[in-house]
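Coordinate inspection notes
Here's the letter readout for the chains.
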Amino acid sequence: MPGYMVCWPQDRWKEIKKAGDTGPIKVVYGSIHARMPTIASIQVGDVVFPVTYMQKHLYVMARLPVTHRERAFDYCMRELGTYHSALPPKGVVMEMRYASGGGTFFSSWDCKSYNCLEAVPQGAQIIPLSTQVEKPHLEHQNPFNCCSQWAVWGEEGSSIEPRQLPDEVLPDLRFGYPKSKEKPLKFTANGSVLSSSLTATRRMSEETLAVFESLLA
């Protein structure tokens, strides 16, 4: 059971906390942008730990055993009711409303826009506004960045709350695969974890996974 660490930026945790979302965690997204990095390597059977770095301390926010993996677009449409800026699959055209509120247009998977239905290429799957109805969901189910590609999810996630990793264990944590390529976190001269160590989806060593699991035992 491989374990992976993903990072929730501090502002993301603040949004979740403000919304009173304590879980259980249901989903983790990956995008094409560094703020919410790709999760293409995470598969069914893996376990994901979102973390947050605050005031020089690393906190494990939740534990999510992955039982499903699918396109973020499909997850959002089914579970949230709207696509939430996830990347539409090839051939899909979304009906969208102008920001001014004066009518609608059609936006395709390849970023082309059409002013009317008649202009949409034949064979496209059109998703009308009438079917894009927001469903009740938890704050953490909102992708916190645009262009989400993948969603990994499961029904046995933990609660969402900060669990501090002891500072003394941080230098011993290792990430990478196989074992010959495992590397530690990187630190600044004043002892802070470098952001570059967190802004990527990282596979844990077996020993590091055991440390994370111990916080949620």
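Residues numbered from 1 in each chain as written. Predicted model: local features only at pLDDT ≥ 70, side-chain atom pairs only at ≥ 80, totals over all residues. Heavy atoms only, no water.

**As for empty space enclosed by the protein**
Under the defined criterion, the tally for this structure stands at one cavity of 30 Å³ or more. The volume enclosed by the largest cavity comes to roughly 110 Å³. At the level of secondary structure, the elements contributing two or more residues to the lining of the largest cavity comprise strand E1 (3–7) and strand E2 (27–31). Looking at the lining of the largest cavity element by element, the count peaks at three residues for E2. Broken down by class, the residue content of the lining of the largest cavity amounts to 10 nonpolar, three polar and one charged. (1 Å grid on protein atoms, 1.4 Å probe; cavity = no way out; pocket = protein on both sides within 12 Å on 5 of 7 lines; lining within 4 Å. Points joined across faces, edges and corners; volume = space filled by probe spheres on them. Helix = DSSP H or I, 4+ residues; strand = E, 2+ residues; numbered from the N terminus. Nonpolar A, V, L, I, M, F, W, Y, C, P; charged D, E, K, R; others polar.)

**A closer look at the pairing of strand E4 (residues 57–60)**
Side chains on a regular strand alternate between the two faces of the sheet. Here strand E3 (residues 47–54) runs beside E4; their pairing, made up of four bridges, is antiparallel. Within E4, the position partnered with Met 54 by the bridge is His 57. Counted between consecutive antiparallel strands, the loop separating E3 from E4 contains two residues, among which Gln 55 sits at a positive phi close to 50°. In this sheet, strand E12 (residues 163–164) lies alongside E4 in antiparallel orientation, the contact comprising two bridges. By the bridge assignment for E12, Tyr 59 is matched with Gln 164. (Pairing = 2+ DSSP bridges.)

**Points about the pattern of salt bridges**
Across all of its chains, the model carries 11 salt bridges by this definition. Among the salt bridges present, the one from Arg 35 reaches Asp 11, with a minimum N-O distance of 3.0 Å. A residue pair is termed long-range when its members are at least 10 positions apart, and Arg 35 in the loop between E2 and E3 and Asp 11 in helix H1 (residues 10–18) qualify at 24 residues. In this structure, Glu 79 engages Arg 78 in a salt bridge whose closest nitrogen and oxygen atoms are separated by 2.9 Å. Judged by relative accessible area, Glu 79 falls into the partly exposed class, the value being 30%. Since its relative accessible area comes to 34%, Arg 78 is described here as partly exposed. The structure contains a network of salt bridges with shared partners spanning Arg 12, Glu 15 and Glu 139. (Salt bridge = Lys/Arg side-chain N within 4 Å of Asp/Glu carboxyl O. Buried < 20%, exposed > 50% of the residue type's maximum accessible area, 1.4 Å probe, protein only.)

**Examining the nonpolar core**
Judged by nonpolar contacts, the single largest core of 35 residues is most densely connected at Tyr 29, Ile 42 and Phe 73. Mapped onto this core, the elements with two or more residues apiece are E1, H1, E2, E3, helix H2 (72–80), strand E7 (92–97) and strand E11 (148–153). At six residues, H2 tops the list of elements feeding residues into this core. Apart from residues no more than four positions distant in its own chain, Ile 42 is found in contact with Tyr 4, Val 6, Val 48, Val 66, Arg 69, Val 152 and Thr 201. If you look at the next biggest cluster of nonpolar residues, it comprises 18 residues, including Phe 49, Tyr 53, Leu 170 and Val 193. (Core = buried A, V, L, I, M, F, W, Y, C linked by side-chain atoms within 4.5 Å. Contact = heavy atoms within 4.5 Å.)

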